[in-house]
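Residue-level structural notes
Chain by chain, the residues run as shown.
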Amino acid sequence: LVDPSSNNGNGGGGIVILIVNCGYIDMADNLIASMIHLGFHHYVLVPLDKVSYNVMNILYPGHVVPPYPSSSPEAAASESVEYGSRQFHKLTSTRASILKSFLEVGYTIYYCDLDTVWNKNALEYLSNRLIHYNNA
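Right, let's walk through the structure included here.

A few words on the overall build of the protein. The helix and strand inventory of the protein stands at 5 helices and 3 strands. Ordered by position in the sequence, the α and β elements of the protein form the string β-α-β-α-α-α-β-α. When the accessible surface of the protein is totalled, it reaches about 7900 Å², and 54% of it is carbon and sulfur.

In structure tokens form, the structure reads like this:
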């Protein structure tokens, strides 16, 4: 991983955190492809299971941290879960603790859902808006 005290060379500083389990590998791959197409490489994949860890580590070496320990069996589900379901809420409840662990060691982070595609560098967009806001 990059040094959390640097701006990481991405213009806006910080890294994008992507949380994935084996039921969402295709979505993660699609999102990352859109980011790479824009020349953006400042992301970290946080797998919730060993399958997604192994696959993502092959596809995106250097961007994957070891699997996040979870007490929720939904986190290690082998397929996607229905949006809004009890299982979905259990799966997504791990986000806060994962993001907090990056903040605690000094990273500036941005969280991005896997069901998105980047058409422009989102961090440049946010950085430009923050500069305008701070100078207003």
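There is more to say, and it comes next.
So, on to the nonpolar core. By size, the foremost hydrophobic cluster in this structure holds 20 residues, and its most contacted members are V16, L18 and L45. Among the elements of the structure, β1 (15-20), α1 (25-37) and β2 (43-47) are those that each provide at least two residues to this core. In terms of residue count, α1 provides more of this core than any other element does, 5 residues in total. If we skip the residues at most four places from it in the chain, L18 touches L31, I32, M35, Y43, V44, L45, V46, C112 and L114. The next biggest cluster of nonpolar side chains, apart from the first, holds 12 residues, and it includes I17, L48, I98 and L99.

This part takes up the environment of F40. Inspection of the secondary structure puts F40 in the loop between α1 and β2. For F40, a relative accessible area of 1% corresponds to the buried category. In sequence terms F40 and L123 are 83 residues apart; their C-alpha atoms lie 9.4 Å from each other.

The subject of this paragraph is the pairing of β2. By the criterion of burial, β2 is predominantly enclosed, with 5 of the 5 residues buried. The side-chain alternation of β2 yields two buried faces, one formed by Y43, L45 and P47 and the other by V44 and V46. Across 5 bridges, β1 lies against β2 in parallel orientation. By the bridge assignment, L18 is partnered in β2 with L45.

All right, on to the pattern of salt bridges then. Tallied over the full model, the rule gives 2 salt bridges. Across the pair E104 and K100 runs a salt bridge whose closest N-O atoms are separated by 3.5 Å. Taken together, the residues span about one helical turn, with E104 and K100 both in helix α4 (residues 95-104) at a distance of 4 residues.

Here the focus is the environment of N119. Of note, N119 is situated in the loop between β3 (109-111) and α5 (122-135). Accessibility expressed as a relative area gives 68% for N119, which makes it exposed. Along the sequence, N119 and H37 sit 82 residues apart, while their C-alpha atoms lie 8.9 Å from each other.

Right, let's get into a nonpolar patch on the surface. Taken together, the side chains of V51, V55, I58 and L59 make up a nonpolar region of the molecular surface, amounting to roughly 350 Å² of accessible area. Positionally, V55 belongs in helix α2 (residues 50-59). The partly exposed category is assigned to V55, whose relative accessible area is 30%.

Cut-offs applied
- Residues numbered from 1 in each chain as written.
- Predicted model: local features only at pLDDT ≥ 70, side-chain atom pairs only at ≥ 80, totals over all residues.
- Heavy atoms only, no water.
- Helix = DSSP H or I, 4+ residues; strand = E, 2+ residues; numbered from the N terminus.
- Areas by Shrake-Rupley, 256 points an atom, 1.4 Å probe, with all protein chains shown as cover.
- Core = buried A, V, L, I, M, F, W, Y, C linked by side-chain atoms within 4.5 Å.
- Buried < 20%, exposed > 50% of the residue type's maximum accessible area, 1.4 Å probe, protein only.
- Contact = heavy atoms within 4.5 Å.
- Pairing = 2+ DSSP bridges.
- Salt bridge = Lys/Arg side-chain N within 4 Å of Asp/Glu carboxyl O.
- Patch = residues over 30% accessible without salt bridge, like charges linked within 9 Å, V, L, I, M, F, W, Y side chains within 5 Å.

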